[in-house]
6 protein chains.
Amino acid sequence: MMIRIDNRQADELRPVEVETDYLIHPEGSVLITVGQTKVICTATIESRVPSFLRGQGKGWVTAEYSMLPRATGSRNQREATRGKLGGRTMEIQRLIGRSLRAVVDLEKIGERTLWIDCDVIQADGGTRTASITGAFIAMTIALGKLDVPVFPVTDYLAATSVGINSSKQAILDLNYEEDSTAAVDMNLVMTGSGEFVEMQGTGEEATFSRKELNEMLDLGEAGIQQLIKIQQQAIGELSSRIGEKVESAL
Amino acid sequence: MMIRIDNRQADELRPVEVETDYLIHPEGSVLITVGQTKVICTATIESRVPSFLRGQGKGWVTAEYSMLPRATGSRNQREATRGKLGGRTMEIQRLIGRSLRAVVDLEKIGERTLWIDCDVIQADGGTRTASITGAFIAMTIALGKLDVPVFPVTDYLAATSVGINSSKQAILDLNYEEDSTAAVDMNLVMTGSGEFVEMQGTGEEATFSRKELNEMLDLGEAGIQQLIKIQQQAIGELSSRIGEKVESAL
Amino acid sequence: MMIRIDNRQADELRPVEVETDYLIHPEGSVLITVGQTKVICTATIESRVPSFLRGQGKGWVTAEYSMLPRATGSRNQREATRGKLGGRTMEIQRLIGRSLRAVVDLEKIGERTLWIDCDVIQADGGTRTASITGAFIAMTIALGKLDVPVFPVTDYLAATSVGINSSKQAILDLNYEEDSTAAVDMNLVMTGSGEFVEMQGTGEEATFSRKELNEMLDLGEAGIQQLIKIQQQAIGELSSRIGEKVESAL
Amino acid sequence: MMIRIDNRQADELRPVEVETDYLIHPEGSVLITVGQTKVICTATIESRVPSFLRGQGKGWVTAEYSMLPRATGSRNQREATRGKLGGRTMEIQRLIGRSLRAVVDLEKIGERTLWIDCDVIQADGGTRTASITGAFIAMTIALGKLDVPVFPVTDYLAATSVGINSSKQAILDLNYEEDSTAAVDMNLVMTGSGEFVEMQGTGEEATFSRKELNEMLDLGEAGIQQLIKIQQQAIGELSSRIGEKVESAL
Amino acid sequence: MMIRIDNRQADELRPVEVETDYLIHPEGSVLITVGQTKVICTATIESRVPSFLRGQGKGWVTAEYSMLPRATGSRNQREATRGKLGGRTMEIQRLIGRSLRAVVDLEKIGERTLWIDCDVIQADGGTRTASITGAFIAMTIALGKLDVPVFPVTDYLAATSVGINSSKQAILDLNYEEDSTAAVDMNLVMTGSGEFVEMQGTGEEATFSRKELNEMLDLGEAGIQQLIKIQQQAIGELSSRIGEKVESAL
Amino acid sequence: MMIRIDNRQADELRPVEVETDYLIHPEGSVLITVGQTKVICTATIESRVPSFLRGQGKGWVTAEYSMLPRATGSRNQREATRGKLGGRTMEIQRLIGRSLRAVVDLEKIGERTLWIDCDVIQADGGTRTASITGAFIAMTIALGKLDVPVFPVTDYLAATSVGINSSKQAILDLNYEEDSTAAVDMNLVMTGSGEFVEMQGTGEEATFSRKELNEMLDLGEAGIQQLIKIQQQAIGELSSRIGEKVESAL
C-alpha cells in the first residue's frame, strides 16, 4: 500500500489553518496555511469599476497573485524588478478572479470593484488553490461590511489539487515534492453545492486516461467539501447570509 | 431538437482544411482552417536549447501565439505596440507548448529547440485548439527533415473545444457566437491513443455538474479522433513514423 | 548584357497579384503578392480621432506594420515578446501612414481614424512598398463603404523599390537577394499623376551619383504606373470615384 | 507637556518584536514588528557575484524592498503590474544595501552575493528603518551558516527615524500619523559602536535648524542602542562572533 | 598640512560661473559651472497641475535630471535606450524637486506646474548639488515672468557637498576624484536664512562620528552662503522679491 | 522676389559655427551651431564590437540622438521617462549611423565600436542634418587619436535640408518656421566628392514633381560643399589624412 511522503492517505488533505483579520488595514484579510504553504489573502473594496463596466450598475471582482522571492527553496527574481509579470502569474490571477466571480452576484455589489490580493509568503505546492480558498473568506468578510440589501455571495467556493503520482495512484492535495514528480496535476474549483467552476488538468509531459480522471475527481470533490466546512467556521455568522435570496433580505 | 446557429449537430465539427507547406521559409508550415477560423502554424528548428537545458543532450519545444489586429470583429491593439503580452496570449502559448511536448521525445531531438508559431489570421472561436491541431502537423513536417535515428513524435495530438450552451446542451467545436453565449467552455487536448493531455474547463460566471462534464468529454473524444484522421492525411508518409520505436529504426 | 537572378529585365516588375476581401472582418482587406513577398493589408474605420485632432472636424490615417516570425529565412523574435518595436518597424509604419495621408482629404472623412495594418506573411524584398501598394487598395475599399458626400481619396498611390546593383546597373523592384547585394536601395512612393510623395535613397555603406539617381527614378516612375493599373482593376467601380470633386458629388 | 498620539514619551521607541526563522526556505529570515509595522526580512546566499565584481575574490550585499498592496490604508498598485519600480522603492532598497555593506567585510564572504529581501506586510511608519534593523538579523543568521574562517560581520547595525513634530518638538520613532504631520523627518542608521552609517534628513516643505538637528541626533543615538540590544538577543550565540578578528578565528 | 588634488583649501569652493538665459526657448534657463561640472538647468511653466492637486488652487514643482552619455569619463548607456530610469537618477530628481518646493509658496503660483530640467553636460563631482543651485536660479527667473501678486519664492536655496577624505579631514565641495576616494560623502541643501532643507550623509562602506559630522556641517554652511551670494548676482533685480510679503506687494 | 523669414536668399545657409573639444571627457567632441540650432556631438571609442561582428576583424559605427526637453518651444517629455524611444528618434539615429558608415572603412578601425552621441541643446530646424555634419567632425577627431596604419575616414560627409516652401520655391537649410509650413522637406547627405549617401524627401501631405526635385538637389549640393569647407577648417591637420591610401601610410 502506498505511503505518501508525509504519511498522508491518498484522500487526505494537509492540515489547514485560517487566521482571519490578519492585517489591520484591508476590509477583509486572511492568513491561510495549508501544510507548509502560507498565503496572505486580502480583499479591498473600491468604489468604482473598470471602464468596460462603467454605467451598467454592476461591479467587478479581480485578483492579483504574487510570491515573495524566498517563498520557495531557491530565490526567484521579483516580477517588479524584471518589469513584467510572468505567464504563470497571469494564469493564476486570471483563474482566481474568474473563480470568485462565479459565486458573486455582480449586480448586487453595485458599481464597486473587489480587489483580491494573494501573496504567497511560503510555498509548498498548491499555492493557487490555497489562494482561492483563502480569498473566498477574505472576500466574504469584506462584503459583510458593505451595506447592501442582499448579500452578493451566492455559494461557497474552494479549491484543491489532485494528481496521479509516479506509482499511478490518484492523490489529493499535492505538496511541492509530490507535485514535482506527479505525472498528472489537476486543479479543481468547486462550489458548496458540488458544482465545478474550474477544472484544469495537465499531463506533465505525460497523459492520463478517463478512468484516472474519474478517480481524481472523486478525491477532489470530497476534499473540497472539507475545505468548505473550514470556510464556514472562519466566516462565522456571515455563513447564514451565503446564498441569501431577496425574500430573506426583507 | 436543438438547431445550432450554423445548422450543425451537437456532435459535429466545423469543416477543417489543412494546407501544408503554406510558406516557403519555415521548416514546417501549415494554414489550418476550422470553419471561419484560420491559423498559420510554422515550426522552426534551432540548433541550441534554452540555458536551463544546456548540456543535457535533450531538446525543447516552445510556442508563441498571436492574432492579427483585425483577425476579430473589432480591431485589437497589437501587443507589440502595447509593449507586453496579455495574460490570454501567455496562457495560450504555454498551453500549446506544453501540449506538444507531451508527444515529443525530447531526448530524441538532441540539443535543439523547436519554435512553434501560431498566428491567427482570422478568428471565429477555437483559435487555441486549431493552433494545437495545426502546430502538430507543422512540427511533424519539420521534424521529418531532421536526420535523427528514431522519429521523436510518439503519438498524434489534436485539440477541440466543447461546451454547454444556454439551452443546457453539450455541443462540440464552438464558434465565436456559441462561445460568447455558452455557460461552460472546455478545451480538450488528446492523443491518438485517446488519452488526455490537457483539459481546461471554465464555468463562465457559471458552474457545471459532473454529468455535464461527462457529456462534454464524450463529444470531445469523438471530435478529436476525427481531427487526427485529418492530420494523418496531411502528414502523408510521415504517418508511418509516428510512435516509431528504436527497433523499427534499425 | 545583365541577366537578373530571376531572369527579369532591369525594368521589369515581379508578378503582382491582389486578392481583395481576403478576410471577413475588416472594412477593407487585401492579400497582395509581389513575387514571393506576401502582405495582408487591412483597413479599419474607427469613429474617433487621436486627441491632437479632436474637435477639428477632420480625420486621420495611421498605419502599423509587422512581420510573422518566419516570414523570413531565419526566425525573427517577435516585437511583442521583446516588449518594444524596433527602429525599422517604426520607420516603415510611419512611412506607410504618411504616404497614404498624401492622397486622402482628411476633412472629407470627418472625425474618423483609418487604421491600416500591414502584416507580412512572407518576405522576399520590397515588403514596405508592397504594403503601401496593397494598403491603398484596402483603404479605398473601406472608404467606399463610408457614407460621405465626396469620396476622400484624391489620387492613386503606389510604391516600388529601385536600386543600383553590384554591376553598377539600375534595376527595378529588387527581391531579397538583389537587395542584400545592392550598392544603393531607393524606395519611391508616387501618385497616379506622376508626382513624388516619398523618396528614400540609401547608399548601403556606399554612395551614388546624380546620374545614377536619374536612372533609378526613370525605372521607378514606369514601374509605379504599372502598379497603379493593377490597383485600378482591383478596386473596380470605385476607380471612378478617385479624385472626385464636389461638383461630381451633386 | 507633549503627549504623543499613542501616549509615548518623545524618546520612547514603539514595542519591537523579532521572530527569527520565520520562514522555512531562506538561509536567514525574520519577522520584525515595530508597533504596527511588520516586515519579513530574508537573506539568501548565492554562490556568485555581479559581473562588476567577478574574479576579485570578494562578495556583495544587495537588497530589495517591497510592500504588499494592502500593507497600507488604501491599496497601492503593485510595481510588478505597473512594470517598473517607483523612485521611493529604489531609494529605500539602495539605502538598505548600502547600510548593510558598511558592517560586512566583503572580502571575508568570498565570491558570494547576499540577497536581502524586505517585504512589508503591514505599514505604520518606519518601514525602511525596521527593514534595516530586521535585515541585519536575517543576514547575520544566514552568514552564521557559512563555513568561513572569520565571521564577516564587523559590527551591529540598526536604524530608526526621528523628527520634529508640528509642535516643534523632537520625537523618536515616528508612526505613520506622526510622520504625515511632521515638519522634519530623518532616518538614522548607526553601528553598535555609535558611528553613523547613513543620515537622511528632509524638511517636508519645511526647514530645520542645527539646534533641532542636534536634538534629533540625541534621540536617535539612544533609540538605536536599544534596538541593538534587541538584535543581540535575537541572534543569540552569534553575538559572540560580531567583529571577530583573525586572531580569534585561529 | 593637507593639500587637495587641485590645491584648494579644505574650506574652499571650486570656481562657480552662472550664465543666465542660456537657451532661447525656456521661461528660465541657466548654464551653471562648478569647477569642471557643467549643468544646463531650465524651468518650464505649465498651466496645469498633476491630478492629485487638481482643484486645490495650488501649484507644483517637479524636477527631472539626466546626464549626457559622455558627461563622464567612460560612456554611460542612455536611460532612454535601457527603457527605464536608474535608482540614482530617481533619487536625484526627487531630491531636487523636494528641495525647491521648500522655498516656493505653492499656493502663490496658482494651478501651475514648474518643470525643472537639469541636464549634466559634463560631470566632475557634485552634479546634484550644482543642479539644485542652478535650478533655483532658473526657477526664480521663470517665476519672475509670471503675473502673480506676491512673488512665490520665499528664500534662497543652494546646495553643496562635504566629506571626510581618506586622511580623515573634512573638506568642502568634492570633485570626482575626491568623491571616489572619500570615506564619507554628504550633500547639504540650505536656505538663505541658514536652515537645513535636506541633509544626506553616507559612509561609503565606512562610518563617521558625530564630531566629524559637525566639522562637515561647519564647512557646508559657510560654502552655501557663498553660493547664495552668487545666486543673488545672477538673478539681479529679482533678488528684491525673494521672500516678498503680501504687504510689500501692495 | 522672395524674401525668407530671416532675410536669407533661397540658396543661403544659416551661419554655422563649430567648437571642437567642447567637452573634456570624450575622445572627440563638438558643439555645432547652425542658426539657432545647437547640437553637442561626441565620439567614443570602445574596444569591442556588437556580437554580430565579433571575430571578423572589423569595427562598427553607431549613433544615438536625443533632444533636451526644452530644446524646443514647448517642453517634450523625456524618452527615458516614457520608457521608450519614439519613432522619430529611432529614424534619426539610424540615419546618422548609416551615413557615417558610408565614409568609414570599418576594417581599418579594427574590432572597435565608435559611439556617436548627438544631443540637441537647442532646436530650430535641421537638427538631424546638423548632427551629421557635427558628428563627422567629432568622429574624425576621435579617430585621429587612434593608432592605426591607415586613417579610416575615406571622405568628408555633411548634410543639410532643402525644401519647397508654400510659394512653390526651392529653398536651402530650412529653419523651424520654414520647415513647419513647407510643402516638401528633403534631407540630403553627401560626400566631399559630391556623391549622395542618403536622400529622404517627403511631401508633407503634399507631393512634388521631378523638376522641383532637381531644383532642390541643385541647392543641396552647393550648400553641402560649403559645409565641408567648414569641416576642413575644424579638423585642421587631420584634413590631410581624409581618404588616406595604404601607400601614403607607408
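All values reported here derive from a predicted model rather than from experimental measurement.

S.K.: Looking at this model, I keep getting lost on the UniProt feature "binding site: phosphate" (unreviewed entry) in chain A. Mind explaining?
M.R.: Here, the residues flagged by UniProt with the feature "binding site: phosphate" (unreviewed entry) are A:Arg88, A:Gly126, A:Thr127 and A:Arg128. In three dimensions, the annotated residues from a span of 41 residues occupy one location, with a maximal C-alpha spread of 13.4 Å. Considering the arrangement of structural elements, one finds A:Arg88 in helix H2 (residues 87-101). Overall, the relative accessible area of 32% leaves A:Arg88 in the partly exposed class. Here A:Arg88 is in contact with A:Tyr65, A:Met67, A:Thr127, A:Arg128 and B:Arg94, once residues within four sequence places are set aside. Mapped onto the fold, A:Arg128 is located in helix H3 (residues 127-144). The exposure class assigned to A:Arg128 is buried, which follows from its relative accessible area of 19%. Not counting the four nearest positions on each side in its chain, A:Arg128 is found in contact with A:Arg88, A:Glu91, A:Ile92, A:Leu95, A:Asn187 and A:Gln200.

S.K.: Is there a simple way to explain the interface of chain A and chain B in this structure?
M.R.: Accessible area lost upon the coming together of the parts is a frequently used measure of interface size. In this complex, chain A contributes 34 residues to the contact, which on the side of chain B involves 34 residues. Summed over both partners, the interface of chain A with chain B comes to about 3,000 Å²; 49% of that surface belongs to carbon and sulfur atoms. Taking the shortest distance from any N to any O, the salt bridge between B:Arg210 and A:Asp218 comes out at 2.7 Å. Our count for the contact surface shared by chain A and chain B stands at 20 residue pairs in polar contact (both at pLDDT 80 or more). Broken down by secondary-structure element, the contributors of at least two residues to the side of chain A that touches chain B are H2, strand E8 (184-191), strand E9 (196-203) and helix H5 (210-235) of chain A. Of the residues assigned to the side of chain A that touches chain B, the class counts are 13 nonpolar, 10 polar and 11 charged. In terms of strand pairing, E9(A) meets strand E9 (residues 196-203) of chain B through 5 bridges, oriented antiparallel. Among the inter-strand pairings, A:Glu198 is bridged to a residue of E9(B), identified as B:Thr202.

S.K.: Before we go on, may I ask you to explain the side chain of B:Gln231 in this structure?
M.R.: Residues and elements named next belong to chain B. Within the secondary structure, Gln231 is located in helix H5 (residues 210-235). Among the polar contacts made by the side chain of Gln231, one reaches the main-chain carbonyl oxygen of Thr133 at a distance of 3.0 Å. Contact partners of Gln231, with chain neighbours within four places excluded, come to Thr133, Phe136, Ile137, Tyr156, Leu157 and Ala158.

S.K.: Help me out: how do you make sense of the environment of F:Lys145 in this one?
M.R.: Residues and elements named next belong to chain F. In this fold, Lys145 is placed in the loop between helix H3 (127-144) and strand E6 (157-164). We classify Lys145 as exposed; its relative accessible area is 54%. C-alpha separation for the pair Lys145 and Val49, spaced 96 residues apart in sequence, amounts to 19 Å. Lys145 has contacts with Pro26 and Glu27, leaving out every residue within four places of it along the chain.

S.K.: Sorry, what's going on with the pattern of salt bridges here?
M.R.: A pair can form between side chains of opposite charge whenever their charged atoms are brought close. Evaluated as defined, the whole model comprises 132 salt bridges over all chains. A salt bridge links C:Arg241 to C:Glu244, with the shortest nitrogen-to-oxygen separation between them at 2.8 Å. By relative accessible area, which is 23% here, C:Arg241 ends up partly exposed. Between E:Arg78 and F:Asp119 there is a salt bridge, and its shortest N-O distance comes to 2.9 Å.

S.K.: Would you take a moment to explain the UniProt feature "domain: Exoribonuclease phosphorolytic" (unreviewed entry) in chain A for this structure?
M.R.: Residue and element names in this part refer to chain A. Summarizing the sequence annotation, UniProt attributes the feature "domain: Exoribonuclease phosphorolytic" (unreviewed entry) to residues 12-142 and 155-222 in the numbering used throughout. Here residues 12-142 runs as 27% helix and 31% strand, with 31 Å between its end C-alpha atoms. Taken end to end, residues 155-222 has its terminal C-alpha atoms 17 Å apart, with 28% of it in helix and 40% in strand.

S.K.: Looking at this model, I keep getting lost on the relation of the copies chain A and chain B. Mind explaining?
M.R.: Each copy of the chain is related to the other by a rotation around an axis and a translation along that axis. Mapping chain A onto chain B calls for a rotation angle of 180° and an axial translation of 0.0 Å; the resulting RMSD is 0.0 Å. What the rotation and shift describe, once combined, is the action of a two-fold rotation axis. Minimal C-alpha distance to the rotation axis in chain A is attained by A:Gln200, lying at 2.2 Å. Here 100% of the contact residues of chain A are again contact residues in chain B; the copies associate through an equivalent surface.

Scoring rules and cut-offs
Residues numbered from 1 in each chain as written. Chains lettered and ligands numbered in written order. Predicted model: local features only at pLDDT ≥ 70, side-chain atom pairs only at ≥ 80, totals over all residues. Heavy atoms only, no water. UniProt positions renumbered as here; feature names shortened; annotations may be inferred. Helix = DSSP H or I, 4+ residues; strand = E, 2+ residues; numbered from the N terminus. Buried < 20%, exposed > 50% of the residue type's maximum accessible area, 1.4 Å probe, protein only. Contact = heavy atoms within 4.5 Å. Buried area = accessible area lost by both parts, 1.4 Å probe. Salt bridge = Lys/Arg side-chain N within 4 Å of Asp/Glu carboxyl O. Polar contact = N/O pair within 3.5 Å; in protein donor to acceptor, adjacent residues only side chain to side chain. Nonpolar A, V, L, I, M, F, W, Y, C, P; charged D, E, K, R; others polar. Pairing = 2+ DSSP bridges. Least-squares fit on C-alpha atoms with pLDDT ≥ 70 in both.

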